[in-house]
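# Geometric and topological summary
If you want the building blocks of each chain, they are given just below.
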Amino acid sequence: MEHNVQPLSFSKTPINILMADDDDDDRGFFQRALKAIPISTQFNEVIDGEKLITYLRSDINELPTILFLDCNMPRKSGIECLLEMQLDERLKLIPVIIYSTSMHEDIANLFYRTGAYYYIKKTNLTDLEFVLNKVLTMILEKTFSRPERANFIMNLSASKNATSNNHLC
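These remarks concern the structure in this document. Within each chain, residue numbers correspond to sequence positions counted from 1 in written order. Restriction of local features to residues with pLDDT of at least 70 applies here, the model being predicted, together with a cutoff of 80 or more for giving and counting side-chain atom pairs; totals for whole chains, interfaces and linings are based on all residues. Working from all heavy atoms in the structure, the side-chain values ignore hydrogens and water.

To continue, consider the overall build of the protein. For the protein, the count of helices and strands is six helices and six strands. What counts as a helix is a DSSP run of H or I of at least four residues, what counts as a strand is a run of E of at least two, and both are numbered from the N terminus. Each helix and strand of the protein, placed in order from N terminus to C terminus, yields the pattern β-α-β-α-β-α-β-α-β-α-β-α. Three labels apply to residues, based on accessible area from a 1.4 Å probe with only protein chains included: buried if under 20% of the type maximum, exposed if over 50%, partly exposed otherwise in between. Taking all 169 residues of the protein together, 49% fall into the buried category. The protein chains shown are the only cover counted for residues, whose accessible areas, like all others here, come from Shrake-Rupley with a 1.4 Å probe. For the protein, the accessible area works out to roughly 8800 Å², and carbon and sulfur atoms hold 47% of it.

Written as structure tokens, this is what we have:
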């Protein structure tokens with residue numbers, strides 16, 4: 001599947017990305033996709049939910065611009081992390097995108113009600129590059145916002161098929 005990716009030169013300041021995922025391969029795959037897009041990023045990672053909350057509550061200079069959060073992690077699940085973040089005035093301001101291999105409407109509804117911005121199903125490298133380019137471009141253009149529930153699940157096939165109920169953004 002091919003996607004057109006336009007080069008961007010909005011800002012020299014990298015977008016600060018944090019990823020919480022217990023799978024080494026998934027984190028590596030995500031990093032490969034980030035390197036393939038023409039947007040400057042700073043990437044940090046944590047390997048479980050407890051480490052995520054500890055990292056966010058540590059004395060870091062700057063909170064991440066965006067958090068990509070896996071649903072199923074040891075020690076604290078994605079939903080437990082998101083619920084805990086929503087109780088913290090500082091942490092609840094971080095936009096969260098759920099990034100998971102599973103895709104269930106009930107789970108998506110729970111994440112949406114809990115404040116997540118988007119839900120992305122783990123996919124192939126080309127599709128991931130396209131989605132990341134789209135999300136990061138919206139951040140740079142300051143057009144990134146939480147959608148209505150009908151547009152919460154990012155679905156690449158929807159961008160090519162206008163009859164689908166799920167939209168890319």
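Below, the discussion takes up unusual backbone geometry. For arginine 75, which is not glycine, the phi dihedral falls at a positive 75°. Inspection of the secondary structure puts arginine 75 in the loop between strand E3 (66–69) and helix H3 (78–86). For arginine 75, a relative accessible area of 52% translates into the label exposed. Residues other than glycine seldom take positive phi values, yet lysine 142 does so here, at roughly 60°. Owing to a relative accessible area of 74%, lysine 142 belongs among the exposed residues under this scheme.

Attention now goes to the environment of histidine 104. Position of histidine 104 among the secondary structure elements: in the loop between strand E4 (96–100) and helix H4 (105–113). C-alpha of histidine 104 to C-alpha of lysine 121: the two residues are 17 residues apart in sequence and 10.0 Å apart in space.

Here we come to helix H5 (residues 125–140). Here the expected length of a helix is defined as 1.5 Å per residue gap, with one fewer gap than residues. With 16 residues, H5 should reach 22 Å at 1.5 Å per residue; the first-to-last C-alpha distance of 22 Å fits that figure. Counting buried residues in H5 gives 14 out of 16 residues, a clear majority hidden from the surface. Of the residues flanking the start of H5, the one acting as N-cap is asparagine 124, its side-chain oxygen 3.1 Å from the backbone nitrogen of threonine 126. Lysine 142 lies just past H5 and shows a positive phi near 60°. Counting of polar contacts relies on pairs of N or O atoms within 3.5 Å, with two restrictions inside protein: one atom must be capable of donating a hydrogen and the other of accepting it, and residues adjacent in sequence are counted only when both atoms are side-chain atoms.

Classification of ring pairs uses Phe, Tyr and Trp, with its six-membered ring standing for Trp, and accepts pairs whose centres are within 6.5 Å; under 30 degrees between planes counts as stacked, over 60 as edge-to-face, and the remaining range as tilted. Using the criterion set out here, one finds eight aromatic pairs in the structure. On the numbers, 5.9 Å between centres and 35° between planes, the contact of phenylalanine 30 with phenylalanine 43 is tilted. Separated by 13 residues along the polypeptide, phenylalanine 30 in helix H1 (residues 24–36) and phenylalanine 43 in strand E2 (residues 41–46) bring together distant segments of the chain. Directly above the ring of tyrosine 112 sits arginine 146, whose terminal nitrogen or CZ lies 3.8 Å from the centroid. Criterion for a charge above a ring: Lys NZ or Arg CZ within 6 Å of the ring centre, and within 35 degrees of the ring normal.

Next up on the list: H3. Here H3 has its buried residues at Gly78, Ile79, Cys81, Leu82, Glu84 and Met85. A contact between two residues is defined here by any heavy atoms of the two lying within 4.5 Å. Tucked into the core, H3 has its buried residues touching helix H2 (49–57), E3, E4 and H4.

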